[in-house]
Amino acid sequence: MAHAVVVGAGIGGLTAALALAHKGWEVTVLERAASVEPVGAGLAVAPNALRALDVIGAGDDVRKLSAIQGRGGVRLPDGRWLARTTAEDAAARYGDPIVLLTRAALVGILAGRLPQGALRVNRRVESVDPATGRVTVAGAAETIEADLVVAADGIRSRTRSALFPGHPAPVYTGVTSWRAIVPLPGVTGASETWGRGLVFGVMPLAGGQVYCYATAAVPAGLRAADERDELLRLFGRWHDPIPALLDAADPAAVLRHDIHSLDTPLPAFHIGRVALLGDAAHPMTPNLGQGACQAMEDAVVLAERVSPRGDLAAGLAVYSRERLARTTPIVRRSRSIGRLTRWRNPLAVALRDGAMRAAGRLGPDVASRQGDRVFAWSPRS
Ligand SMILES: Cc1cc2nc3c(=O)[nH]c(=O)nc-3n(C[C@H](O)[C@H](O)[C@H](O)COP(=O)(O)OP(=O)(O)OC[C@H]3O[C@@H](n4cnc5c(N)ncnc54)[C@H](O)[C@@H]3O)c2cc1C
């Protein structure tokens, strides 16, 4: 049986392993960490990614464990609404709303479906030979032979830098992020609040928990002694329920990461027998909530294009071409939105907010049309 080795058991790697197994590949997933437990944060899964998950039979399990975005939109720090959206509008247009769940729930669903023995943890891949498909694991005596190698090793992908040595690395976008899951029942409707150089997102999850995220335009590498105190300093006077969420947050559970993106797209998402996907291929800012969604799309398209009995080189070339065309504008658009969130100048911010309010007044249809290119994707499109 043709053998595919997947490097990395994040959302992209796990989806790829399932999609390839579905198509008749024998799969081995090599993960450097001791478990597949992801960071304690939430995730918005958009209709395009739910369609990708349907291909591997996992869509309904995700829908069941998710909360629906509800009635929400974009707000100002004093609570006024700039634009409103409802889950019904999205569901009517795309067949599904955007759903919200913990990363652990999604990874649990995916990992739980892997073929017995496919996942090998504590395996850090040191090198991959694109000509032979030979994979070398750190500290292991043996090498693993693969017909296809899927590099799903994330934003700091060792495989990407080895295969594209001169390519510019992901760059700091000027924005840092915080994430936390907070127990606070009674919060309804997902919203994002934009201030001067600051954003705070509220995403109610199932079971009385709320996924909160925040961003601030600051120099790279800054860290606070207590990140929850830092959030209270920046957002403690913003509208309800933000102060209550910050009060209820466990300081030890607040994650902080600087945001990077790959400004120059790779020339291809494959070389020889190796395909790149997810953040290894196209790391993007989180502003469209599409990083993991695109990884899931990549995974099912890859499995569709490379058959265990077909012409691998031809299949990978099609995969590369299709996914570069799909993801490059999404990376660019996400980065442009990220730039708007960095604005601090009061006049520029007033103009930005006025434009958002005007777009909001034009109604959900106009706002949805903006999303069509991203959310209306289907595995057959
Ligand atoms: C603040 C923030 C919010 C976000 N919100 C959303 C959202 O709401 N919706 C959305 O779709 N996206 C969101 N994203 C983006 C999303 O998190 C990523 O795009 C997604 O997790 C990428 O998945 P991946 O599988 O490609 O990479 P990763 O999740 O990074 O997985 C890579 C895996 O490879 C393993 N690995 C690395 N190197 C090796 C090696 N040498 N050998 C073996 N294993 C290795 C790692 O341990 C890891 O498990 C957000 C990102 C951020 C920063």
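Structure first, text after, so check above.
All values reported here derive from a predicted model rather than from experimental measurement.

**What to know about the site of the ligand**
In the neighbourhood of the ligand, 30 residues make up the surrounding shell, with G12, E31, R103, V125 and D279 lying closest. One of the side-chain nitrogen or oxygen atoms of R32 is found 3.1 Å away from an oxygen atom of the ligand. Residue G289 places a main-chain N or O atom 3.1 Å away from an oxygen atom belonging to the ligand. For the ligand, whose free accessible area comes to 1,000 Å², the fraction covered by protein is 85%. Only α1 (11-22), β3 (42-45), β13 (171-183) and α9 (291-305) provide two or more residues apiece to the shell around the ligand. Tallied by class, residues from the shell around the ligand come to twelve nonpolar, ten polar and eight charged.

**Some thoughts on empty space enclosed by the protein**
The final tally for this structure, using the stated rule, is two cavities of 30 Å³ or more. The space that makes up the largest cavity amounts to roughly 60 Å³. For the largest cavity, the full set of lining residues is W178, R179, A180, V182, F200, C212, Y213, A214, L231, L246, A249 and V254. Secondary-structure elements contributing two or more residues to the lining of the largest cavity are β13 and β16 (209-217). Counting residues per element, the lining of the largest cavity draws most heavily on β13, at four residues. The residue inventory of the lining of the largest cavity, partitioned by class, reads eleven nonpolar, no polar and one charged. If you tally residues by element for the lining of the second largest cavity, the top one is α9, at three residues. Broken down by class, the residue content of the lining of the second largest cavity amounts to five nonpolar, one polar and two charged.

Rules of the game
- Residues numbered from 1 in each chain as written.
- Predicted model: local features only at pLDDT ≥ 70, side-chain atom pairs only at ≥ 80, totals over all residues.
- Heavy atoms only, no water.
- Near = heavy atom within 4 Å.
- Polar contact = N/O pair within 3.5 Å; in protein donor to acceptor, adjacent residues only side chain to side chain.
- Areas by Shrake-Rupley, 256 points an atom, 1.4 Å probe, with all protein chains shown as cover.
- Helix = DSSP H or I, 4+ residues; strand = E, 2+ residues; numbered from the N terminus.
- Nonpolar A, V, L, I, M, F, W, Y, C, P; charged D, E, K, R; others polar.
- 1 Å grid on protein atoms, 1.4 Å probe; cavity = no way out; pocket = protein on both sides within 12 Å on 5 of 7 lines; lining within 4 Å.
- Points joined across faces, edges and corners; volume = space filled by probe spheres on them.

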